[in-house]
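Architecture and fold: a report
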Amino acid sequence: MTKLIGVFMAFVALANAVKVPVTIYYESLCPDSAKFISEQVFPAVKNELRDHVDIKWVPFGKSTYTTQGSEILFTCHHGPNECYGNKVHACAIEHIQASSYQTEYTRESLILDFINCMMKAGKNFPDNVYPGAKCARESHVSSWENIQQCANSTDGERLLMANGQVTNAFQNPLISVPTVVFKQQYDPKVNMRAQADFLGALCKYVPQPQPKVCEANSSGVSIAVAPLLVLFIYLIQILA
């Protein structure tokens, strides 16, 4: 029995070491995307859950693109400014890196902070200055020049087209923006729940032992650890 418990605990430890993969399909000037990221994703992931989730950001949404020779032309849901914003986000995701001199920040946390700042800024630029540099400073991102250069070049076009290909491979056209996918398995009901309660939806996939913030939202056994419990019970039965 002691060995059996040890095997089960090893399974749990292995599950707990793996971050929950989450894909977020969004648009840089979409009000619903801004509300979701700033009010749901950012507060949930910023602190306790940052080590339990691996977010793949896909800025593209309901945009479309065509190619004319080497040129890539985009039409975006909220107009040309959103096309540029989507390129900025794509370039930021590509170029932001953590610094060995700032150990309190990870690449993931820097990207989260930058995207959250940009989404909160939205279309409102009080000083008529694009908020990229400001958000980079506030988010401790040191590579704004690289991001800006990328967004204004064919590199930005290439990265945004790649996001379009990822989005179209998932849904073509994308039904709603934003759309959230947990563990590469799209579930419309989970997506709807995540829009209103991202923390609760995410915690369903975080294995035991869960962070306190998930325990406070607990409404049953997490999806991630439930199969392990089934396996444990089965092993007990066959070895009894």
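What counts, and where the lines are drawn
Residues numbered from 1 in each chain as written. Predicted model: local features only at pLDDT ≥ 70, side-chain atom pairs only at ≥ 80, totals over all residues. Heavy atoms only, no water. Helix = DSSP H or I, 4+ residues; strand = E, 2+ residues; numbered from the N terminus. Buried < 20%, exposed > 50% of the residue type's maximum accessible area, 1.4 Å probe, protein only. Contact = heavy atoms within 4.5 Å. Areas by Shrake-Rupley, 256 points an atom, 1.4 Å probe, with all protein chains shown as cover. Disulfide = S-S within 2.5 Å. Expected span 1.5 Å × (residues − 1).

Identification of the protein chain as Gamma-interferon inducible lysosomal thiol reductase from Glossina morsitans morsitans is taken from an unreviewed UniProt entry.

**Points about the overall build of the protein chain**
Across its full length, the protein chain carries 11 helices and five strands. Per-residue burial over the protein chain gives 45% buried out of 240 residues. Within the protein chain, counting contacts between residues at least 6 apart in sequence, those at least 24 apart form 67% of the total. Looking at the protein chain as shown, the accessible area adds up to about 12900 Å², and 56% of this sits on carbon and sulfur atoms.

**Remarks on the state of the cysteines**
This model, assessed by the stated rule, comprises four disulfides. The partner cysteine of Cys91 in its disulfide is Cys150, sulfur to sulfur 2.1 Å. Here Cys91 and Cys150 share a disulfide; its torsion about the S-S bond, -70°, makes the bridge left-handed. Separated by 59 residues along the polypeptide, Cys91 in helix 3 (residues 80–95) and Cys150 in helix 6 (residues 144–151) bring together distant segments of the chain. Residue Cys91 shares its accessibility class with Cys150, and that shared class is buried. Paired by a disulfide, Cys117 and Cys135 hold their sulfur atoms 2.2 Å apart. Across the S-S bond of Cys117 and Cys135 the torsion is about -75°, and the bridge reads as left-handed. You can see Cys117 sitting in helix 4 (residues 107–121) and its partner Cys135 sitting in helix 5 (residues 132–138), a full 18 residues away along the chain.

**Describing helix 4**
Since the α-helix turns once every 3.6 residues, residues separated by three or four places project in the same direction. With 15 residues, helix 4 extends 21 Å from end C-alpha to end C-alpha; this agrees with the ideal 21 Å at 1.5 Å per step. The buried count for helix 4 comes to 12 of 15 residues, which makes it a mostly enclosed element. Trailing helix 4 by a residue or two, Gly122 shows a phi angle of about 55°, which is positive.

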